[in-house]
Amino acid sequence: MQTLIFLLLSFLFVVFSILLYFKLKNQRISKLNSGECPDCKEKTRTFYDENTRTMFKNEVITKRVLKNHGCSGVVDIEYKCKNCNLKEVHQVPSNSCNM
């Protein structure tokens, strides 16, 4: 009986750990897509020049497509922070073929 309880608790611990991993990974990707670095917490800055009446943006995160796997595949995107030199590669599902 103790073995069954231990196995059940171990199984639940593994399942919740995997779910937590995917939740944290998705939060990290959403922060990178919004322009915020998850490590140094630096965000995109905007400046307004009143003389020329233009808005300037200082992007912290740069995105680069490494590989596009076609219509039904995923897109490998490299995110790089200019402030702390963080470099991460994530796979993002492609929306469609855009035909």
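What this report covers is the structure whose coordinates are included nearby. (Residues numbered from 1 in each chain as written. Predicted model: local features only at pLDDT ≥ 70, side-chain atom pairs only at ≥ 80, totals over all residues. Heavy atoms only, no water.)

Each helix and strand counted, the protein chain has 1 helix and 5 strands in total. Sequence-ordered secondary structure for the protein chain, helices as α and strands as β, is α-β-β-β-β-β. Over its C-alpha trace the protein chain gives a radius of gyration of 20 Å, far above what one expects of a compact globule, namely 13 Å for 99 residues. Dimensions of the protein chain, computed from C-alpha atoms along their principal axes, come out at roughly 80 × 35 × 20 Å. Each of the 99 residues in the protein chain was classed as buried or not, and the buried ones make up 18%. As presented, the protein chain carries roughly 8100 Å² of accessible surface, and 58% of it is formed by carbon and sulfur atoms. Where the 15 positive side-chain charges of the protein chain centre and where its 9 negative ones centre are 5 Å apart. (Helix = DSSP H or I, 4+ residues; strand = E, 2+ residues; numbered from the N terminus. Rg over C-alpha atoms; globule rule 2.2 N^0.38 Å. Buried < 20%, exposed > 50% of the residue type's maximum accessible area, 1.4 Å probe, protein only. Areas by Shrake-Rupley, 256 points an atom, 1.4 Å probe, with all protein chains shown as cover. Lys, Arg positive; Asp, Glu negative; His and termini not counted. Charge placed at Lys NZ, Arg CZ, Asp CG, Glu CD.)

So, about the sheet that holds strand S4 (residues 74-81). The strand order across the open sheet formed by 3 strands is S3-S4-S5, and the pairing between neighbours is antiparallel. What marks the edges here is a single partner per strand, and that holds for strand S3 (61-68) and strand S5 (87-93). Recorded for the sheet is a direction-independent mean angle of 30° between the axes of neighbouring strands. Across 7 bridges, S4 lies against S5 in antiparallel orientation. The residue bridging Lys80 from the neighbouring strand is Lys87, located in S5. Helix H1 (residues 2-34) contacts S3, S4 and S5 of the sheet and is inclined by roughly 100° relative to S5. (Pairing = 2+ DSSP bridges. Axes fitted to C-alpha atoms, helices over the stretch in contact; angles between N-to-C directions. Contact = heavy atoms within 4.5 Å.)

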